[in-house]
Each structure stands twice: as structure tokens, then as C-alpha cells.
Amino acid sequence: MIADGELWDHIVATTGRLLAGFVIGSALGVVAGLAMGVWRPVRAALGPTFTALYALPKIAILPLLLLIFGLTETPKVLAVVISVFFVVQINTLAGIVQIDARILEAARAYKATGWRLFRYILLPGAIPAIMTGLRVSAGMSVIVITAVEFVASNDGLGYLIWNSWQLFQPQDMYVGLITVSLLGALLTGLIIVLERALLPWRRPGGSHRKVKK
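Because the structure is a prediction, the values reported are computed rather than measured.

Caption draft 1: Region of the structure containing the packing of aromatic side chains. All chains considered together, the criterion is met by six aromatic pairs. A centroid spacing of 5.5 Å and a plane angle of 85 degrees characterise the contact between F50 and F85, whose relative ring orientation is edge-to-face. One end of the pair, F50, is in helix α2 (residues 40-54); the other, F85, is in helix α4 (residues 73-97), and 35 residues separate them in sequence. Residue class for F50 comes out buried when judged on its relative accessible area of 14%. Feature note: the residues F50, Y54, F85 and F86 constitute an aromatic cluster, connected by ring pairs. When the ring centre of Y120 is taken as reference, the NZ or CZ atom of R119 above it lies at 5.0 Å.

Caption draft 2: Quick peek at the pattern of salt bridges. Using the criterion set out here, one finds six salt bridges in the structure. One salt bridge connects R17 with E73, and the closest N-O pair in it is separated by 2.6 Å. Remark: E73 occurs in helix α4 and R17 occurs in helix α1 (residues 6-38); sequence separation between them is 56 residues. The exposure class of R17 is buried, given its relative accessible area of 3%. The class of E73 is partly exposed, set by a relative accessible area of 40%. Linking E195 and R135 is a salt bridge whose minimum nitrogen-to-oxygen distance equals 3.4 Å. Taken as a pair, E195 in helix α8 (residues 170-198) and R135 in helix α6 (residues 114-151) lie far apart in primary sequence, 60 residues in all.

Caption draft 3: Spatial organisation of the side chain of S137. As for its placement among the helices and strands, S137 is situated in helix α6. Looking at S137, its side chain comes within polar contact range of the main-chain oxygen of G133, at 2.9 Å. Setting aside anything within four residues of it in sequence, one finds S137 in contact with F22, V84, V87 and V88.

Caption draft 4: Local environment of α4. Here α4 contains 25 residues, and its C-alpha end-to-end distance of 36 Å stays within 8% of the 36 Å for a straight helix at 1.5 Å per residue. You can read the cap of α4 off the contacts: a side-chain oxygen lies 3.4 Å from the backbone nitrogen of T74, and it is on T72.

Caption draft 5: Structural detail: the packing of helix α7 (residues 157-166) against α8. The interhelical angle for the contact between α7 and α8, taken along N-to-C directions, is 155 degrees, at an axis separation of 8 Å. Between α7 and α8, the angle falls in the class roughly antiparallel. Crossing angle aside, the handedness with which α7 passes α8 is left-handed. On α8, the residues that touch L157, L160, I161, S164 and W165 of α7 are D172, M173, G176, L177, T179, V180 and L183. A per-class count over the contact of α7 with α8 returns eight nonpolar, three polar and one charged.

Caption draft 6: The environment of A152, seen in detail. Residue position: A152 is located in the loop between α6 and α7. Overall, the relative accessible area of 6% leaves A152 in the buried class. Setting aside anything within four residues of it in sequence, one finds A152 in contact with L62, L66 and K76.

Caption draft 7: Summary view of the packing of α1 against α2. The interhelical angle for the contact between α1 and α2, taken along N-to-C directions, is 125 degrees, at an axis separation of 6 Å. It follows that α1 is oblique to α2 by the angle criterion. Contacts from A32, A35, M36, G37 and V38 in α1 reach R40, V42, R43, L46, G47 and F50 in α2.

Caption draft 8: Fine view of the environment of T72. Positionally, T72 belongs in the loop between α3 (62-69) and α4. Through-space distance from the C-alpha of T72 to that of Q169 is 27 Å; in sequence the pair is 97 residues apart. Of the polar contacts made by the side chain of T72, one reaches the backbone nitrogen of T74; its length is 3.4 Å.

What counts and what doesn't
Residues numbered from 1 in each chain as written. Predicted model: local features only at pLDDT ≥ 70, side-chain atom pairs only at ≥ 80, totals over all residues. Heavy atoms only, no water. Phe/Tyr/Trp six-rings, centres within 6.5 Å; stacked < 30°, edge-to-face > 60°. Helix = DSSP H or I, 4+ residues; strand = E, 2+ residues; numbered from the N terminus. Buried < 20%, exposed > 50% of the residue type's maximum accessible area, 1.4 Å probe, protein only. Lys NZ or Arg CZ within 6 Å of the ring centre and 35° of its normal. Salt bridge = Lys/Arg side-chain N within 4 Å of Asp/Glu carboxyl O. Polar contact = N/O pair within 3.5 Å; in protein donor to acceptor, adjacent residues only side chain to side chain. Contact = heavy atoms within 4.5 Å. Expected span 1.5 Å × (residues − 1). Axes fitted to C-alpha atoms, helices over the stretch in contact; angles between N-to-C directions. Parallel < 35°, antiparallel > 145°, perpendicular 65-115°, else oblique. Left-handed = near helix turned anticlockwise from the far one by under 90°. Nonpolar A, V, L, I, M, F, W, Y, C, P; charged D, E, K, R; others polar.

Structure follows, in C-alpha cells:
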């Protein structure tokens, strides 16, 4: 399947939808989480709605997306966007809310307000929670895009798995399953690398090397 290009076609289709939905959903989730964490009126206005929508199975809204957008790429990408958005938003908000009040008091004592407070205190304090949300949503996004491709696609790894099952071609089905697993592991690995780059002090011996340098 690699030699004749069939597998690559499915990988490219799934990867394109997955990355587009993951990037858009992550960006929107971070922005919404930061806004809700910084401004309480925004949290009060959007919190109950987001809580209710988060409980809705994300794959359950696929028929609605197909009804609105038809059999195009849009509903497939949006399904990933929605699933990633809520996980990242919840973790980002939690990262802001859980910042130690003593740190905020010390920052205000040194006249850190507005943008300076956000840039040097709130955002760095929320980054660990944001990265946790990204790691969790990475696995969820792979699950969602695979399930979407089961029923609403003519290409992609999900389509390969489902079509192989229907045609009783287990060898092709196993290829799809293994490739999906590798894709999920690769995406999670990239997020771990990004996390280590953004949070060098959390690496073993990171603070020691920094002080020594």
C-alpha cells in the first residue's frame, strides 16, 4: 500500500483535516480560556453555555454539520475544531484560575498591571495547563477524525479502516489501525517537544543548568 501510493493518499487526507482542525480549535480554545480567566464577566456569560456544550458528544453533532455544509471538508474539520476547543478552553481557564493568589499580590506590589501582568504572570502560569489540554485534545482529535471518516468520507485512514471491514480485508484494516496509532503518537510527541521548549524549567535538572549558566 505504501509502494502503490494508496496509503499515502489516505495519510495526507487525514493529516490535513486533523492538523487544520487541531490548530484552529487550539487557538480558539486558548483565546477563549484566557479571556474567561482574565475577565470575570466573560466567564460568567460563557461559562454555563460552554459547560452544557462540553457534555454533548462531539461526534453527535456531525449530522448537523453535514446538514449545514454538505459532504465537504468543512464538517470534518469543524468536528475536530469543536472537540479540541472545549478541552483546551477548560484547561486554559483552569490554568489562569489556579495561579497562586500570593504571586498575584506580589506582582501587583511591583506595579505589574494590565499587559505586564498578563505577559509575565498570567500567561506563563497558564502554559502548563494549556500544554496538558493540548496533549489530551491530541488523542481526542485523532479519535474524532477517524470516526468522522467512517461515515462521511471517501478517503482518509478512517475510511480505509471502515471500508476494509465492510469488504472483509483485515490486512488493510490492520494497516489503517496501526497508521492511526502512529499518527496519534507523532502528534502527541510533537506537543511534548513543544512543551519542553516552552517550559525548560520543568525538565530534570533544567533549573540547575540555567543557574549554572
